[in-house]
Amino acid sequence: MTSGFVHSIKVPRLYKSAAKIVQEVREKGGSLKSLIYRQKHPNVSAIYSLCLNTLQREEQLDHLIKKTNILVNEPRLQPWLAKILITELLWGKKALKTECKPAQTILAYEQKFREELSNISDIDAVQKPHKTVKKARYVRINTLLVSLEKGISYFQEEGWSFMPKCPSYVEHLNVIKNLKKPNFIQDFHISELLIFPPDTTFHDHPGYQNGEILLQDKASCLPSHLLNPEPGSTVLDLCAAPGMKSSHLAAIMGNKGKIYAVEIDERRYKTLCEQVRITNATSVETVNKDALILNPNEYPNVEYILVDPTCSGSGMLDRQIVHGNEKCDPQRLKQLQAFQVFILRHALLNFPNVKRIVYSTCSIYPEENEQVIDEILENVQDAYKLSPVKDLLNQNWLNFSSKKYNCSDKCLYANSVIDLCNGFFVAVFERNFDVPLPEYKRKGNVALNNREVEEVKEVEALHLEKANTTRKRKKRGKRKSANQGPSKDEEKSDSISILNVSSDSAKIVQEINIDNDNDSSQNDGDESCQNDDDEHSENDNEVAIKKKKRKIERKIMQLPRKGLRLSLHKEVTLQKKKRKTL
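Residues numbered from 1 in each chain as written. Predicted model: local features only at pLDDT ≥ 70, side-chain atom pairs only at ≥ 80, totals over all residues. Heavy atoms only, no water.

For the protein, the count of helices and strands is 25 helices and 13 strands. Considering the protein as a whole, with its 582 residues, one finds that 54% of them fall into the buried category. Taking contacts inside the protein between residues at least 6 apart in sequence as the whole, the part at least 24 apart equals 77%. For the protein, the accessible surface area stands at approximately 27100 Å², while carbon and sulfur atoms represent 48% of it. (Helix = DSSP H or I, 4+ residues; strand = E, 2+ residues; numbered from the N terminus. Buried < 20%, exposed > 50% of the residue type's maximum accessible area, 1.4 Å probe, protein only. Contact = heavy atoms within 4.5 Å. Areas by Shrake-Rupley, 256 points an atom, 1.4 Å probe, with all protein chains shown as cover.)

Right, here's the structure in full:
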C-alpha cells in the first residue's frame, strides 16, 4: 500500500515534478539543471525557480516543519512535496490554487507557518547562507544555421537594443555588471556569443527550439575558442556529451573538416547525437566508445584534441547555489585527479600528428587543475610546451593559474565574481615537433595469475558471442547515420589492450568511469540535457561482459603491454595443446 495521499484531485504536475527533483538533488547528489530538463516540463523557468527557492530555503523549511509537527500529525504527507508547497505558499506565488489534498493540508497550517516564520531572527541571513553571483545570460549564435548579423538583427526586431563593443576587457565587465533590459552586448572575446541581462529566459524562444541559438555560458565556450582548429582539420573531442563544445568547434570550422565526438555513456551519447542533429553540425562524427581505449591508428590524422573530462563542478554557479561552499570529498577529488591525468596523458602521447591540445575543467580546485598540469609536464618533457593563455587573448584577461606551481601563470582561470561567468580552468598545450614523443608505458611488472588469465579469455569469448548475436531488441544499435562513428568490434579485446600509464592513476580509473555520468552534466554551463532518456536496456551478455571487465581490468591495467600479451599467448597456446592431447 502506498504511503502517499489517496485523493480524487491530482497534485499539479509542477509540484510533483519539483518535489521529485529536489529529492534527487539532496538524496542522490543529482544535477539540478539536468534533472529539470529530464522531466521535460513545459514551463522550465517556473520549475527551476521553485526548485531553487526550495533548496535555498531548506533551513527555514526544516525549522517550520519541526515546529509545527506537520509531518507527525499528517503522516501520509510526502516530506519533499510538503517543502515544495510551503515554499510556493510563503515565498513563491503566495497562494496554492489547487484543491488537491496535500495543498489543502498545507493551507490548514498556513497561520502556524507564518507565526513561526516571524519568530525566526535575521531571516535574510538564513535564506542567504552564502554569497551568490548573478551571472548574465549568455547566448551563442549557431553560425551553422544563421549568420551572426542576422542573429543580432532577430533580437533587435524583438525590441532589444544592441550596445557597442567596449575598447577594453575591464570596461566590458563593468558594462555587463550594469546590463539591464532591453540592452544586450557582444562578448569581448567570442564574437558569436551575445550577453543579456541576468534572469533573461530563452527556453521558449523559437531560435532556441530550432537550434539557431544555444544557451551556453562563456566559460564553456572558452576551450573551443582557444583550441581554434583550422577549417578542414581533424579534431578529437573526448568526453563530448552533451555536445555543446563539439557543435561550437563545428561552427568555428564552418563544418569543414572532421570532428570525432567521443562519449562512453549510452544515454548521454543519445543526447550528444541529438545536439549534433539540431545544430546541423554535419562535420561531427559521434563515437559511442570509451575514450581511454581509443586506438590512435583509427584516428591517425588528428591535429587538435579537446580534453574536458569529468570534474567536481565546483566552479558552476548553479551548483554553488544548491550546495553552497561545500568542499568536495578528498577521496573523490583524488579519484577525479587520477582520471584527469590518465585521459590527458593518453591524448598527449598517443596521437603523433597533434598540433594543439586544450585541457579544461569547470572546477576551481588546484587538485584538478594546476596539479594535473604539473604531473603531465613531467611526462611529456619537451615534446609539448604550455602556451601562455594571456598571449592568446592579447593580454585581455585577469585571472590565471598560481605561480607557485610549475605551470606558473600560463593557464586561465575564469572567476565567477570577476569574469561574471561560471568558474573554469583552461590549459593550452602546443606540440614541439623537434622533440619526439616520449614512450608511453607504465611502470612496474605485475603478472596475471592463471585464474585471471582464464577470466580474460572468458571475457573475450563473451565479446565474440556478442558480436555474432543478432540483437533484435536494441534496434538503435543497428541504425547507422552519417554522423555516427564506427562501432563494429569496438569492444573486442578491449580488456587486453588497456593503455599503458606511468602513475597510480590506472588503479582507480575504472571506478571513475562507472561514476562518469554522475558529474559530467556539470562540465558545461547552461548545457541542455532535455533529451536525456532514463530507459537503458542491456541484454544478458552485455551485463556479463561489463561485470567481468570491471573485475579484471584493474589487474590488467597494471601489466606491461608486451608482457601481458606474451603471457596470454603462452597461456592460450598451452590450453590448446592440452585440449589436443586429451
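After that view, the rundown keeps rolling.
Per the stated rule, a full pass over the model turns up 14 salt bridges. One salt bridge in this structure joins Lys390 and Asp409, with 3.1 Å as the shortest N-O distance. Of this pair, Lys390 sits in helix α19 (residues 389-392) while Asp409 is found in the loop between α19 and β12 (412-414), placing the two residues 19 residues apart along the sequence. According to the relative accessible area criterion, Lys390 is partly exposed, its value standing at 22%. Here Asp409 falls in the buried class, since its relative accessible area comes to 17%. Overlapping salt bridges, with partners in common, bring together Arg26, Glu58, Asp62 and Lys83 in one network. (Salt bridge = Lys/Arg side-chain N within 4 Å of Asp/Glu carboxyl O.)

Our next topic: the sheet that holds strand β4 (residues 193-196). Spatially, five strands are ordered β2-β3-β4-β1-β5 in an open sheet, and the strand pairing comes out mixed. Looking at the sheet topology across the chains shown, the edges are occupied by β2 (161-163) and β5 (213-214). Bridge analysis of strand β1 (residues 137-141) against β5 gives two bridges, and the strand direction is antiparallel. Bridging from a neighbouring strand, Ile141 pairs with Ile213 of β5. (Pairing = 2+ DSSP bridges.)

Next up on the list: the UniProt feature "binding site: S-adenosyl-L-methionine" (unreviewed entry) in the protein. Taking the numbering used here, the UniProt-annotated feature "binding site: S-adenosyl-L-methionine" (unreviewed entry) corresponds to Glu263, Asp290 and Asp308. Their sequence span is 46 residues, while the largest C-alpha to C-alpha distance among them is just 14.0 Å; these annotated residues converge on one region. When you line up the elements, Asp290 lands in the loop between β8 (284-288) and β9 (304-307). Tracing the sequence through the fold places Asp308 in the loop between β9 and α16 (317-323). Residue classification places Asp308 among the buried positions, given a relative accessible area of 3%. (UniProt positions renumbered as here; feature names shortened; annotations may be inferred.)

Let us look at the packing of aromatic side chains. Following the criterion strictly, the structure yields 15 aromatic pairs and no others. Ring plane angle 85 degrees and centroid distance 4.9 Å describe the contact between Trp160 and Phe196, whose orientation is recorded as edge-to-face. With Trp160 in the loop between α10 (148-157) and β2 and Phe196 in strand β4, the pair connects residues that are 36 residues apart, well separated along the chain. Comparing Trp160 with Phe196 shows no difference in burial state: the two are buried. Aromatic pair Phe184 and Phe196: ring centres 4.9 Å apart, planes at 5 degrees, arrangement stacked. On the criterion of sequence distance, the pair formed by Phe184 in strand β3 (residues 183-186) and Phe196 in strand β4 is long-range, its members being twelve residues apart. (Phe/Tyr/Trp six-rings, centres within 6.5 Å; stacked < 30°, edge-to-face > 60°.)

This part covers a nonpolar patch on the surface. On the surface, a cluster of nonpolar side chains totalling about 310 Å² of accessible area is made up of Val170, Leu398, Val417 and Ile418. Checked against the element boundaries, Leu398 lands in the loop between α19 and β12. (Patch = residues over 30% accessible without salt bridge, like charges linked within 9 Å, V, L, I, M, F, W, Y side chains within 5 Å.)

What follows is about the nonpolar core. As a rule of thumb, soluble globular proteins bury nonpolar side chains together. Among the nonpolar cores identified, the biggest contains 54 residues, and Tyr15, Ile106 and Phe155 are the most heavily contacted of them. No other element matches the eight residues that helix α6 (residues 79-90) contributes to this core. Here this core spans two domains, and each of domain 1 (13-122) and domain 2 (137-215) adds at least three residues to it. Listed in part, the 48 residues of the second largest apolar core include Leu179, Phe188, Leu393 and Leu420. (Core = buried A, V, L, I, M, F, W, Y, C linked by side-chain atoms within 4.5 Å. Domains from an automatic or database assignment.)

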